Amino acid sequence: MSWAALLGLAAASYAFKALGPVFAGRRAIGPGLRAVLDVVAVPLLAALIVVQTLDGGERIVLDARVPALGVAALLLWRRAPLVVVVLAAAATAAFLRALA
Amino acid sequence: MVGVVGAGGGALAALAPALLLAARNAVYGFALVPVLRGGRARRALEAQLVIDESTAMARAREDPRAAHRAFLATGLSVFVCWNAGTLAGALAGGGLGDPRSLGLDAMFPAAFLVLLAPQLRRPGAPVAAVAGALIALVLLPFSPAGLPIIAAVLGVVPALATLRRRAAIERHA
């Protein structure tokens, strides 16, 4: 990988980020467009959770992350704060892996 | 992205997955349009902080000022921690042990679940979330890193149908 390609990738990755903020940034947003912008990140975040829980390198792997996410969902439902949910998920996965 | 590049392989082989990983930030950039403030220069500067974590933290809040503060705080934290972590990892190598044995890999989906939950109250959001998760699940076994997540943007299509139906009902009411 050459420095030119690396710099090109850096420029492209910044361009992706700046597209919305720079070009759609200052226009008045109507209620219809606003409703779309309010949900457009939602399917990506849901997909991110799926990938981070099940990814095994181009295949689906069911491991300690799955029950850890289950514990997280349960605590979220019980209105536990973010820190508690995240630490409980880590502890669940660590405990199950220590048993294995 | 640099990880894919550093792992070796030709420029072309590295470029495609790296661009796929970066492309999702374009969607996040648009999702953050209602949150960002100030003129074009300030927006262009702050756009560097657009990433999974800063988008999730910002859009989990309804108040625009709180959302913008969360975006900046999270974006800066991720930037600093990522670079410090990369340096520490490069210096320490494998000496830190397996992060999986501490359950660190399970922390991320748990955190994103907490940040996604409040967003599901918005019209169309539950449909979008289920559709996005299904798209990722179907693509995960077949596609390179990054594709299942950027492809999940199509999950807004069934959500748009929901939004349109609601708008029609409101017009008739």
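Since we're looking at a predicted model, the values are computed, not measured. (Residues numbered from 1 in each chain as written. Chains lettered and ligands numbered in written order. Predicted model: local features only at pLDDT ≥ 70, side-chain atom pairs only at ≥ 80, totals over all residues. Heavy atoms only, no water.)

### Topic: the overall build of chain B
Summing up its helical and strand segments, chain B has nine helices and zero strands in all. Listing every helix and strand of chain B by position from the N terminus yields α-α-α-α-α-α-α-α-α. Overall size of chain B, expressed as C-alpha extent along the three principal axes, is 65 × 40 × 35 Å. Sequence separation of at least 24 residues holds for 59% of the intrachain contacts in chain B that already meet a minimum separation of 6. Counting only carbon and sulfur atoms, one obtains 71% of the accessible surface of chain B, whose full area is about 8800 Å². Distance between charge centres in chain B, computed from 16 positive and 8 negative side chains, equals 10 Å. (Helix = DSSP H or I, 4+ residues; strand = E, 2+ residues; numbered from the N terminus. Contact = heavy atoms within 4.5 Å. Areas by Shrake-Rupley, 256 points an atom, 1.4 Å probe, with all protein chains shown as cover. Lys, Arg positive; Asp, Glu negative; His and termini not counted. Charge placed at Lys NZ, Arg CZ, Asp CG, Glu CD.)

### Concerning the interface of chain B and chain A
In this complex, chain B contributes 75 residues to the contact, which on the side of chain A involves 59 residues. Regarding the contact of chain B and chain A, the summed buried area is about 5900 Å², with carbon and sulfur atoms giving 78% of it. Joining chain B to chain A, the criterion identifies three salt bridges. The salt bridge involving A:Asp38 is made with B:Arg59; its shortest N-O contact spans 2.6 Å. If you look at where chain B meets chain A, you find eight residue pairs in polar contact (both at pLDDT 80 or more). (Buried area = accessible area lost by both parts, 1.4 Å probe. Salt bridge = Lys/Arg side-chain N within 4 Å of Asp/Glu carboxyl O. Polar contact = N/O pair within 3.5 Å; in protein donor to acceptor, adjacent residues only side chain to side chain.)

### Observations concerning the nonpolar core
Counting residues in hydrophobic clusters, the biggest one holds 42 residues, and the most contacted among them are A:Leu45, B:Tyr28, B:Leu32 and B:Phe71. Of all the elements in the fold, those that place two or more residues in this core are helix H3 (42-54) of chain A together with helix H2 (11-31), helix H4 (52-59), helix H5 (64-92), helix H6 (104-116), helix H7 (125-139), helix H8 (147-151) and helix H9 (156-172) of chain B. No other element matches the 10 residues that H3(A) contributes to this core. Those residues in contact with B:Leu32 that lie beyond four places of it in its chain are B:Val50, B:Thr55, B:Ala58, B:Arg59 and B:Phe71. Among the nonpolar cores identified, the runner-up in size contains 10 residues, and A:Ala72, A:Ala80, A:Ala89 and B:Ala106 belong to it. (Core = buried A, V, L, I, M, F, W, Y, C linked by side-chain atoms within 4.5 Å. Buried < 20%, exposed > 50% of the residue type's maximum accessible area, 1.4 Å probe, protein only.)

### Brief notes about the side chain of A:Arg65
Looking at where A:Arg65 falls in the secondary structure, it is placed in helix H4 (residues 65-77). Side-chain polar atoms of A:Arg65 contact the backbone oxygen of A:Gln52, separated by 3.2 Å. Setting aside anything within four residues of it in sequence, one finds A:Arg65 in contact with A:Gln52, A:Thr53, A:Leu54, A:Asp55, A:Arg97, B:Asp105 and B:Ala106.

### Some remarks on helix H1 (residues 3-23) of chain A
Residues and elements named next belong to chain A. End to end, H1 covers 29 Å across 21 residues, agreeing with the expected 30 Å (1.5 Å per residue, within 8%). Residue Lys17 marks the point of greatest curvature in H1, where the axis turns by about 40°; the proline Pro21 follows within four residues. When H1 is considered as a whole, its buried residues turn out to be Ala5, Leu9, Ser13, Lys17, Ala18, Gly20, Pro21 and Val22. (Expected span 1.5 Å × (residues − 1). Bend = angle between axes of the 7 residues up to and from the residue.)

### Let's talk about the pattern of salt bridges
For the coordinates displayed, the defined rule picks out 10 salt bridges over all chains. Note that A:Arg97 and A:Asp63 form a salt bridge whose closest N and O atoms lie 3.8 Å from each other. Here A:Arg97 is found in helix H5 (residues 82-99), whereas its partner A:Asp63 is found in the loop between H3 and H4, with 34 residues between them in sequence. For the pair A:Arg97 and A:Asp63, one class covers both residues: buried. The network of salt bridges with common partners includes A:Asp63, A:Arg65, A:Arg97, B:Arg100 and B:Asp105.

### Examining the packing of H7(B) against H9(B)
All names here are of chain B. For the pair H7 and H9, the least separation of the axes is 7 Å and the interaxial angle reads 165°. Accordingly, the angle class assigned to the pair H7 and H9 is roughly antiparallel. Taken as a pair, H7 and H9 cross one another with a handedness that is right-handed. Of H9, the residues touching H7 (which contributes Val127, Ala128 and Ala131) are Pro158, Ala159 and Thr162. Looking at the contact of H7 with H9 residue by residue, the classes come out as five nonpolar, one polar and no charged. (Axes fitted to C-alpha atoms, helices over the stretch in contact; angles between N-to-C directions. Parallel < 35°, antiparallel > 145°, perpendicular 65-115°, else oblique. Left-handed = near helix turned anticlockwise from the far one by under 90°. Nonpolar A, V, L, I, M, F, W, Y, C, P; charged D, E, K, R; others polar.)

### Considering the confidence of the model for chain B
Scored by pLDDT, chain B comes out at a mean of 90, with 91% of its residues at no less than 70. Per the prediction output, this complex has pTM 0.90; the corresponding ipTM is 0.94. (pLDDT = per-residue confidence, 0-100.)

### A few points about the environment of B:Ala31
The topology assignment puts B:Ala31 in helix H2. Residues B:Ala31 and B:Ala58 lie 27 residues apart in sequence; the distance between their C-alpha atoms is 9.8 Å. The residues touching B:Ala31, leaving out its near neighbours within four places in the chain, are A:Leu37, A:Val40, A:Ala41, B:Thr55 and B:Arg59.

### Looking at the packing of H4(A) against H6(B)
At their nearest, the axes of H4(A) and H6(B) sit 9 Å apart, and the two run at 30° to each other. H4(A) and H6(B) meet at a crossing whose hand is right-handed. Residues A:Arg65, A:Ala68, A:Leu69, A:Ala72, A:Ala73 and A:Leu76 of H4(A) form the contact with H6(B), whose participating residues are B:Asp105, B:Ala106, B:Pro109, B:Ala110, B:Leu113 and B:Val114. For the contact of H4(A) with H6(B), the per-class residue count stands at 10 nonpolar, no polar and two charged.

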